[in-house]
Structures are given as structure tokens and as C-alpha cells.
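# Notes for the structure review
The primary structure of each chain is shown beneath.
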Amino acid sequence: MPSSTRPSGGLEGFAVLVTGGATGIGRACAERLAADGAAVTICGRTPEKLEEAAGRIADAAAHGGSVRFVRADVTVEDDVAAAVKCALEPTGRLDGCVANAGGGGGLGPYHVQDTGEFLRILHLNVLGTMLCIKHTVPHLVAAGGGSFVGMSSIAGHVTHPYFGAYTAGKAGIEAMIRNAADEFGPKQVRFNAIRPGFIATELMSFIPRDSETFKSYVDNTPMGDVGRPEDVAHLARFLIGPESRWITGQAINVDGGHALRRGPDFGPFIEPALGASVMQGALPED
């Protein structure tokens, strides 16, 4: 890791890769890291969104922080390798990775899950995170240590009925994070996961704020609200930085206390599309 004697930003000399960095939580993480002096590389699948995000991140950068972007699909190994190579360019080393790219889909009971969609979501979350680990670890080791942050969810450990592959994917990320922390701890490479609750991002905008599903989120959150991307970004910054040098193998909730209760009720949201009988276990009618 860079020297412990550092100016006020705290991340000067750090190079960090943030996947899924064009929007939402990923962009907020990149902004926070660049604001404290890191040379941040963001990647994603849409060049136009990446370019727009890079402009915002550049505006937030301070203490010598910078941003660059590269198009990459984290489920494609060659893309991940290319993104890591790009992240090495500013300093010749890699000090951290925030593996934020992920997502869900295919809402519904398990007996009507589409197999192709189920696998797509597992690939995006589990395979994508594994490829990031695979291609960043040698550089983190070569740097003398570093920090890898995986993006899980409270859905990885609190039941979220009808979330399909998403819950399995996020639980899979946490399992990999724990194993990697054990494997690479002797090389001073740390692995931790973040478990966001409901965070107000573009990905969650499909839930109407006047719906029963949104109400179930707020009712089951002790702090009575939903989170903001920067709430996650502050924790990511801490986990990437030297202040967390003795923390590894952890999954940390950023959810306003939601995990103390129960997951959201998506039944009223998806029942109109699937039908009441399907929600009770029947097969759809032809």
C-alpha cells in the first residue's frame, strides 16, 4: 500500500477499479474515491453513460484524484482483463477494486423461473465478481497488499421472496469474499462485502413510491427511509483506504437497520402480472 504519511485526502497514489461505475452506487463510489485522491478507473457496458459519469467524477476529484473509463462487460473475461490493465496505467499498480457491477431480474416464484434468466443473473453477480477477483489479485499482491470490495445486498442473507436468482447470487458473492479473505490474508490483501438495503438509484426507480412494495421497505426499516448512493460510497471509501487495514472477511450492512426485520413484500407488485394462482404455486395457464 502507499505510504502511511499522506496529505489530507488519504488516497493519493492509490489506483482503484470500480466496475459498474457509470450509474448509481458505482458512480458514487468512484466520486468518493477520486475526491480523496485516488486514480479511479470505471467500467461498464454503455460508453455514453461512462463518458457522462467520468465528467461528474472528474468534477468531484480532488487531492490529485483522477478518472478514466473503459467499456467492459464483467461476465466476459477478456473485458475484465482489459479493464484491469487500464486501471494500472495511471500509477503502474493496483491498490483496490470495488466490484459493484451486478443486478437482478426474473422476479417471481421459483417454480416459474426462466432458466436462462436465472443463469444470466448468476453470471452477472457471481461470475462477474469472480473474474474481478481473478484478474485483480495478482496486482494487489504485487503492490504489497490492497483491498477488494464486493457488492452484496441484504438480500444475500435476509429472505426476499420472489427475487429469484438475485438472492443466490449475492449469497454467492459473500461466500467468495470470505474464502478469498482467508486465501490472500497472508499476502495482506483484504476482501470485504457491502450489503446495501434499498438505495434510491436508477435500478430501483421501477418501484412506485406510492406502492405497497415501497411501503413494505420503509415499514421494515427502523430508520424509516431509503438510503442514498453516497451512504454506500462512504463505506466503500473506508474499506479501500488504510483506515480499515485490520478488517477482512466481513459483510457490512448499509440499510438503515432493515436487516433487523424482514425483507420487502414484492407479492403485490408481481401478482398482477403472474396471477394469484401462480403466486400460490400453480403453473401459469396457457
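Figured I'd write up the structure that's included with this text. Counting restarts for each chain, with residues numbered from 1 along the sequence as it is written. For this predicted model, a pLDDT threshold of at least 70 governs which residues receive local features, and a threshold of 80 or more governs which side-chain atom pairs are given and counted, while totals over whole chains, interfaces and linings are taken from all residues. Just so you know, side-chain values use all the structure's heavy atoms and leave hydrogens and water out.

## A short note on the packing of helix α1 (residues 24-35) against helix α2 (residues 47-60)
Each pair of packed helices can be summarised by the angle the axes make with each other and by the distance between the axes. Applicable threshold: Axes, fitted as lines to C-alpha atoms, cover a helix only where it is in contact. Angles between the N-to-C directions of the axes lie from 0 to 180 degrees. The secondary structure listing takes helices from DSSP runs of H or I that are at least 4 residues long and strands from runs of E that are at least 2 residues long, numbered from the N terminus. Geometric relationships in this document are graded by angle, where less than 35 degrees denotes roughly parallel, more than 145 denotes roughly antiparallel, 65 to 115 denotes roughly perpendicular, and other angles denote oblique. Working rule for handedness: look at the near helix, and if it is turned counterclockwise from the far one by less than a right angle, call the crossing left-handed; if clockwise, right-handed. Throughout, a contact is declared for two residues whenever any of their heavy atoms are within 4.5 Å. As a working rule, the residues Ala, Val, Leu, Ile, Met, Phe, Trp, Tyr, Cys and Pro are called nonpolar, Asp, Glu, Lys and Arg charged, and the rest polar, with Gly in that last group.
Running from N to C, α1 and α2 point in directions that differ by 30 degrees, and their axes come no closer than 8 Å. In terms of orientation, α1 lies roughly parallel with respect to α2. Regarding α1 and α2, the two cross each other, and that crossing is right-handed. Contacts between α1 and α2 involve R27, A30, E31, A34 and A35 on the former and, on the latter, A53, R56, I57 and A60. Looking at the contact of α1 with α2, its residues break down into six nonpolar, no polar and three charged.

## A short note on the pairing of strand β1 (residues 15-19)
Selection rule: Exposure classes here rest on a 1.4 Å probe applied to the protein chains alone. A residue is buried below 20% of its type maximum, exposed above 50%, and partly exposed in between. Any two strands with at least two DSSP-identified bridges between them are counted as paired. With strands facing away from the observer, any crossover in which the path from the first strand over the helix to the second runs clockwise is taken as right-handed.
Taking burial as the measure, the five residues of β1 include five buried ones, the bulk of the element. Of the strand pairs in this sheet, β1 and strand β2 (residues 39-44) are connected by five bridges, and their pairing is parallel. Counterpart to L17 in the pairing with β2 is T41. On the question of chirality, the crossover connecting β1 to the parallel β2 by way of α1 is right-handed. Strand direction decides the pairing type here: β1 and strand β4 (residues 96-99), joined by four bridges, are parallel. By the bridge assignment, V18 is partnered in β4 with V98.

## A few points about the sheet that holds β1
The strand order β3-β2-β1-β4-β5-β6-β7 describes an open sheet built from seven strands, whose pairing is parallel. Across the chains shown, the open sheet's two edge strands, defined by having one partner strand only, are β3 (66-71) and β7 (251-254). Neighbour-to-neighbour, the strand axes of this sheet turn through a mean angle of 20 degrees, independent of strand direction. In this sheet, strand β5 (residues 146-151) lies alongside β4 in parallel orientation, the contact comprising four bridges. When the bridges of β5 are listed, A99 appears paired with G150. Strands in contact with helix α5 (residues 165-184) are β5, β6 (189-196) and β7; relative to β6, the strand with the most contacts, it is inclined by about 160 degrees.

## Brief notes about unusual backbone geometry
Its identity as a non-glycine residue notwithstanding, H63 has a phi of 55 degrees, on the positive side. In this structure, H63 sits in the loop between α2 and β3. Judged by its relative accessible area of 39%, H63 is partly exposed. For Q188, which is not glycine, the phi torsion reads 65 degrees and is therefore positive. With respect to the element layout, Q188 can be found in the loop between α5 and β6.

## Brief notes about the packing of aromatic side chains
The condition that has to hold: Between rings of Phe, Tyr and Trp, where Trp is taken as its six-membered ring, a pair exists when centres lie within 6.5 Å; planes separated by under 30 degrees are stacked, by over 60 edge-to-face, and by other angles tilted.
Inspection of every chain in the model, using the stated rule, returns nine aromatic pairs. Ring centres 6.0 Å apart and planes at 65 degrees place the aromatic pair F163 and Y166 in the edge-to-face group. Classification of F163 by relative accessible area gives buried; the value is 10%. Ring geometry for F198 versus Y217: centroids 4.6 Å apart, planes at 80 degrees, classification edge-to-face. Here Y217 lies in helix α6 (residues 212-219) and F198 lies in the loop between β6 and α6, a separation of 19 residues in the sequence. You'll find F198 and Y217 in the same group, each marked buried. Grouping aromatic residues by their ring pairs yields a cluster made of F163, Y166, F198, F214, Y217, F266 and F269.

## As for the pattern of salt bridges
The line we're drawing: One side-chain nitrogen of Lys or Arg within 4 Å of one carboxyl oxygen of Asp or Glu is enough to make a salt bridge.
The full count for this structure, using the stated rule, is twelve salt bridges. Of the charged contacts in the structure, one is a salt bridge between R32 and D36, with a shortest N-O distance of 2.8 Å. Between D95 and R93 there is a salt bridge, with its nearest N and O atoms 2.9 Å apart. On the accessibility criterion, D95 (0% relative accessible area) is buried. Put simply, R32, D36, R237 and E243 are held in one network by salt bridges that share partners.

Honestly, that's just the spatial picture; any functional story needs more than this.
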